[in-house]
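Listed below, chain by chain, are the residues.
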Amino acid sequence: MAQIEVLFSAPVRESPARRRIRRLSLPFELAFGAASALTLTLLAAILVLAAGPETPYLWIGEAGAYVALGGASSVPAGSVPVSELPVVTRLAGAAVVATLYGSLSLAFVNLSRLFGHYRRGEVFADRAVGLMRRAGMWLILFALAPAVSQPLMRSLGSPDQAWFHSVSVVALLIGGALFVLALITQLGREIEDEGEGYV
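Residues numbered from 1 in each chain as written. Predicted model: local features only at pLDDT ≥ 70, side-chain atom pairs only at ≥ 80, totals over all residues. Heavy atoms only, no water.

Asks: Please provide a residue-by-residue account of the pattern of salt bridges, values included.
Replies: On inspection of all chains with the given rule, the structure shows 2 salt bridges. Arginine 119 is the salt-bridge partner of glutamate 29, the closest N and O atoms lying 2.5 Å from each other. Separated by 90 residues along the polypeptide, glutamate 29 in helix H1 (residues 16-51) and arginine 119 in helix H2 (residues 87-119) bring together distant segments of the chain. Owing to a relative accessible area of 29%, arginine 119 belongs among the partly exposed residues under this scheme. For arginine 127, the salt bridge is made with glutamate 122, and the minimal N-O distance between the two is 3.4 Å. Exposure remark for glutamate 122: the relative accessible area of 23% places this residue in the partly exposed category. (Salt bridge = Lys/Arg side-chain N within 4 Å of Asp/Glu carboxyl O. Helix = DSSP H or I, 4+ residues; strand = E, 2+ residues; numbered from the N terminus. Buried < 20%, exposed > 50% of the residue type's maximum accessible area, 1.4 Å probe, protein only.)

Structure follows, in structure tokens:
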């Protein structure tokens, strides 16, 4: 009796939902990539202004730092040019700013790569789960950095007392939600692997 062997498997038909995910992911991949580049550009500009011997455009006050193109008249009362702060305070401030904007940029990079995986149809891949978790981690760091750094900055003579920012709450919530979504995606991968259902 002859035995029939299949040499070529029939192509797996892509579901309409996966096609939509692939199509809709490209704008998000590009947008998060652009957001990362803009964040790094802003960080570089702030660090260049802070490093100069005179920084008439970079000021700091009780409510935070300001880039003021209009000089002293465009900043809140009590603000001082960053150039008037002690060098050690400026260096510590630069490290805090680099942590803030660097973590935000890395969150955007991971989100851009995540949507890149979605665009290629890798919805439940382990790499996508890892990218989601890393994006959440960087957003949580971005949210907590102002509060954690305040005692150090105040001890070094910084006038900035704004340890709480509304954007930090949003970043903290989104960062935490990404960890939960990563667990949901991991469950979806297990269901897909076991063939117990369709997601």
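The discussion continues.
Asks: Describe in detail the packing of aromatic side chains, supporting the description with residues and values.
Replies: Centre distance and the angle of the planes are the two values used to describe a pair of aromatic rings. All told, the structure shown has 4 aromatic pairs when counted by the stated rule. Both rings, one in phenylalanine 28 and one in phenylalanine 115, keep their centres 5.1 Å apart while their planes meet at 20°; by these two values the pair is stacked. Highlighted residues: phenylalanine 28 in helix H1 and phenylalanine 115 in helix H2, separated in sequence by 87 residues. Look at phenylalanine 28 and you get partly exposed, because its relative accessible area is 44%. Residue classification places phenylalanine 115 among the buried positions, given a relative accessible area of 18%. Look at phenylalanine 32 and phenylalanine 115: their rings are 5.9 Å apart centre to centre, the planes differ by 20°, and that puts the pair in the stacked class. Placement of phenylalanine 32 in helix H1 and of phenylalanine 115 in helix H2 is noted, with a sequence separation of 83 residues between them. (Phe/Tyr/Trp six-rings, centres within 6.5 Å; stacked < 30°, edge-to-face > 60°.)

Asks: Explain the sheet that holds strand S3 (residues 80-81) residue by residue, including any values.
Replies: Taken in spatial order, the 3 strands make up an open sheet running S2-S1-S3, and their pairing is antiparallel. The sheet is open, and its two edges are formed by strand S2 (64-67) and S3, each paired on a single side. The sheet contact formed by strand S1 (residues 58-61) and S2 spans 4 bridges and is antiparallel. The residue of S2 that forms the bridge with leucine 58 is valine 67. (Pairing = 2+ DSSP bridges.)

Asks: Kindly report on the side chain of threonine 89, identifying the contributing residues and their values.
Replies: Mapped onto the secondary structure, threonine 89 falls in helix H2. Judged by relative accessible area, which is 2%, threonine 89 ranks as buried. If we skip the residues at most four places from it in the chain, threonine 89 touches Met153, Leu156, Gly157 and Ser158. (Contact = heavy atoms within 4.5 Å.)

Asks: Tell me about helix H4 (residues 166-194), and please be specific about residues and values.
Replies: The terminal C-alpha atoms of H4 lie 43 Å apart, and with 29 residues this matches the ideal 42 Å at 1.5 Å per residue to within 8%. Among the residues of H4, Ser168, Ala171, Gly175, Leu178, Ala182, Thr185 and Gly188 are the ones counted as buried. Contacts made by the buried residues of H4 are with H2 and helix H3 (126-155). (Expected span 1.5 Å × (residues − 1).)

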